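Each chain is listed here by its residues.
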Amino acid sequence: MSNEFLYFDALACRYHFNQILRYCSWVEERLVPSFGEWEHEAEKYYNQRMNSTGYFPSLDPGTVSEEAFEFVLELAEINSYMLGMAIVGLYHLWERTVIRFLRREICHFMLKPEPSFRNYDRIRKIFLQYSTDIENLPCSSNLWELRKVANSIKHATGNSYDALKKSHSDILKPSSDTSYSHLPIQGGEYTLLGVDIHPTPIHFQRYKQAVLDFWNYEYWQAAGERRYPHRDNDELTF
């Protein structure tokens, strides 16, 4: 047997929790505010063009207004793509914290042979052998969606995107929530994202909370910090 149990101790949980929190704080406090606002960006572009000198000293205000609108649409695509990449990064960071945790618990910092952590299915299998189904936690549904969204953004089409469509997730259509309607964000199949996904800061907040909940020490303290193997597992296989 590789290890007697997986130990979700306070130190490990809080270390990974804070690692996730730092990443999310950067996205929410630095990246999202850089998106600007629809009207402000359009007005800024308009004023710069109208006040510029060059080959076209007398510009038509209507034409410049149309240019400003097109410019902000392009900016909205870029912002949506950046937010999508932030969601992809969040998933990969969660996966990395899980792998680090398993390496510590199973390999004891390489004192034992390292099992394969090559994909999510292997990670889940290892947890299952320690009586822990990571797809049956309070945060699991949002973690599942985060994984499918990340894979869909990376690969555009495939099993993850098909599963996401079957789930009827609200990230697959433009948001009707007006909380961030002032932000120039525009996703969709024919944008830089290349897939019919419409990420907003609300989705990022949802996925952030799921990842933080996974590393919430209070949850594991109540559920059982020590995750023991099934009794019928005479030998753990990785």
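Residues numbered from 1 in each chain as written. Predicted model: local features only at pLDDT ≥ 70, side-chain atom pairs only at ≥ 80, totals over all residues. Heavy atoms only, no water.

> Whenever I open this one, helix 6 (residues 159–167) confuses me. Can you help?
Helical geometry: 3.6 residues make up each α-helical turn, so side chains three or four residues apart lie on a common side. Here helix 6 has its buried residues at S160, Y161 and L164. For helix 6, the arc enclosing every buried residue in end-on projection is 95 degrees, short of the 170-degree limit, so these residues lie on one face. Pointing more than 90 degrees away from the buried face of helix 6 are the exposed residues N159 and K166. Looking at the buried side of helix 6, the elements it contacts are helix 5 (140–155). H168 lies just past helix 6 and shows a positive phi near 55 degrees. (Buried < 20%, exposed > 50% of the residue type's maximum accessible area, 1.4 Å probe, protein only. Helix = DSSP H or I, 4+ residues; strand = E, 2+ residues; numbered from the N terminus. Arc of directions from axis to C-beta. Contact = heavy atoms within 4.5 Å.)

> Just checking my understanding: could you explain a negative patch on the surface for this structure?
Among the surface-exposed residues, D60, E66, E70 and E74 lie close enough to one another that they form a single negatively charged patch. Within the secondary structure, E74 is located in helix 3 (residues 61–107). (Patch = residues over 30% accessible without salt bridge, like charges linked within 9 Å, V, L, I, M, F, W, Y side chains within 5 Å. Areas by Shrake-Rupley, 256 points an atom, 1.4 Å probe, with all protein chains shown as cover. Salt bridge = Lys/Arg side-chain N within 4 Å of Asp/Glu carboxyl O. Lys, Arg positive; Asp, Glu negative; His and termini not counted. Charge placed at Lys NZ, Arg CZ, Asp CG, Glu CD.)

> Can you walk me through the nonpolar core in this structure?
Core analysis: the biggest nonpolar cluster contains 57 residues, and W94, L102, F127, I197, F214 and W215 have the highest contact counts within it. Going through the elements one at a time, helix 1 (10–31), helix 3, helix 4 (120–129), helix 5, helix 6, helix 7 (201–214) and helix 8 (217–223) are the ones with two or more residues in this core. If one sorts the elements of this core by residue count, helix 3 sits on top with 14 residues. Discounting chain neighbours no more than four positions away, the residues touching I197 are V149, S152, I153, Y161, L164, I171, L172, G187 and G188. (Core = buried A, V, L, I, M, F, W, Y, C linked by side-chain atoms within 4.5 Å.)

> I tried to follow the packing of aromatic side chains on my own but got confused; where do I start?
Aromatic ring pairs are described here by two measures, namely the spacing of the ring centres and the angle between the planes. Tallying each qualifying case throughout the model produces 15 aromatic pairs. On the basis of an interplanar angle of 85 degrees and a centroid distance of 5.4 Å, the ring pair of W94 and F214 is categorised as edge-to-face. Here W94, found in helix 3, pairs with F214, found in helix 7; they are 120 residues apart in sequence, far enough to count as distant. Using a relative accessible area of 2% as the deciding quantity, one classes W94 as buried. (Phe/Tyr/Trp six-rings, centres within 6.5 Å; stacked < 30°, edge-to-face > 60°.)

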